[in-house]
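# Coordinate inspection notes
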Amino acid sequence: MTTAAVSTVDTEAGPFSAIVDTDGAVLASGWTADPGALHPLIHASIRPAELITRADLGAVTKAVIAYHEGDLAAVAQTPVRQRGGEFMEAAWRVLRTVPAGAPVSYAEYAALAGRPAAVRAAATACARNPAALFVPCHRVLRTGGGLGGFRWGPEVKRWLLTHEGS
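Predicted, not measured: the structure shown is a model, and the values here were computed from it.

Conventions adopted
- Residues numbered from 1 in each chain as written.
- Predicted model: local features only at pLDDT ≥ 70, side-chain atom pairs only at ≥ 80, totals over all residues.
- Heavy atoms only, no water.
- Helix = DSSP H or I, 4+ residues; strand = E, 2+ residues; numbered from the N terminus.
- Rg over C-alpha atoms; globule rule 2.2 N^0.38 Å.
- Buried < 20%, exposed > 50% of the residue type's maximum accessible area, 1.4 Å probe, protein only.
- Contact = heavy atoms within 4.5 Å.
- Areas by Shrake-Rupley, 256 points an atom, 1.4 Å probe, with all protein chains shown as cover.
- Lys, Arg positive; Asp, Glu negative; His and termini not counted.
- Charge placed at Lys NZ, Arg CZ, Asp CG, Glu CD.
- 1 Å grid on protein atoms, 1.4 Å probe; cavity = no way out; pocket = protein on both sides within 12 Å on 5 of 7 lines; lining within 4 Å.
- Points joined across faces, edges and corners; volume = space filled by probe spheres on them.
- Core = buried A, V, L, I, M, F, W, Y, C linked by side-chain atoms within 4.5 Å.

## Details of the overall build of the protein
Across its full length, the protein carries five helices and six strands. Going from N to C terminus, the protein has its helices and strands arranged as β-β-β-β-α-α-β-α-α-β-α. In terms of C-alpha radius of gyration, the protein reaches 15 Å, essentially the compact-globule figure of 15 Å for 166 residues. Once the C-alpha set of the protein is aligned to its principal axes, its extents read approximately 40 × 35 × 25 Å. For the protein, the proportion of its 166 residues judged to be buried stands at 45%. Once local pairs closer than 6 in sequence are excluded, the contacts in the protein between residues at least 24 apart make up 56%. Surface summary for the protein: the accessible area is close to 7900 Å², and the carbon and sulfur share equals 53%. With 15 positive and 14 negative side-chain charges, the protein shows a separation of 9 Å between the mean positions of the two kinds.

Dropping the structure here:
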C-alpha cells in the first residue's frame, strides 16, 4: 500500500492543495479546498492508495507560500512526478520552461513541445496537467491572448497571470 501526504494552504488566489509523494515529489496540486478532488487526477500507475493529511508539506508548502507572496521562481525546482503518454510527459516538461510573465499561445506551446501541428494535443496536455502551478499550464493562452481554459477557473488563471506581470 502506498501513501502520500496532502495539505491545503490559504493563498491570495484561493485555497491551494497539494499531494506529495514520500520523496517530496508533487503528484497533484491545484486551487481547491478539497484535496480529495486531486487524487483522481494522478495517473493510476503512481496514484497512492492512502492520503495522510498534514498541516505542512515542508519544502512544497514553503514554495507555494513564497510564490503567492511574490517569489515567482519559488516553485520551479520543486520535483514533480507525472505519468501519461510520451507526448504528454514531454509537453509537461516543456511547460516547466515557460517563464513567469512570458505566456505562450497553444500553437507556440505545441511548437515548443516539438509538434507544431499538434495544437489540440498541447491543449489536452494542459487540461490533463495534475500538478498545476509546479507545471504552469496557466501560462498558455489562446491565440490572440484570450485566457482559454483552466481547471481551477478563469478567475484564478487571471490572478496568476496578473501576479506574474503578464
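## Regarding empty space enclosed by the protein
On inspection of all chains with the given rule, the structure shows one cavity of 30 Å³ or more. At the level of secondary structure, the elements contributing two or more residues to the lining of the largest cavity comprise strand 1 (3-11), strand 2 (14-20) and helix 1 (59-68).

## Some words on the nonpolar core
In globular proteins that are soluble, nonpolar side chains generally tend to be buried together. Counting 48 residues, the largest nonpolar core has F16, W31, V60, L95 and Y109 as its most contacted members. Residue assignment for this core shows that the elements contributing at least two residues are strand 1, strand 2, strand 3 (26-30), helix 1, helix 2 (86-95), helix 3 (106-112), helix 4 (119-127) and helix 5 (154-163). At six residues, the largest contribution of residues to this core is made by helix 2. Ignoring sequence-local partners within four residues, the contact set of V60 consists of A18, V20, G24, V26, T78 and F134.

On their own, these measurements won't tell you what the molecule is for.
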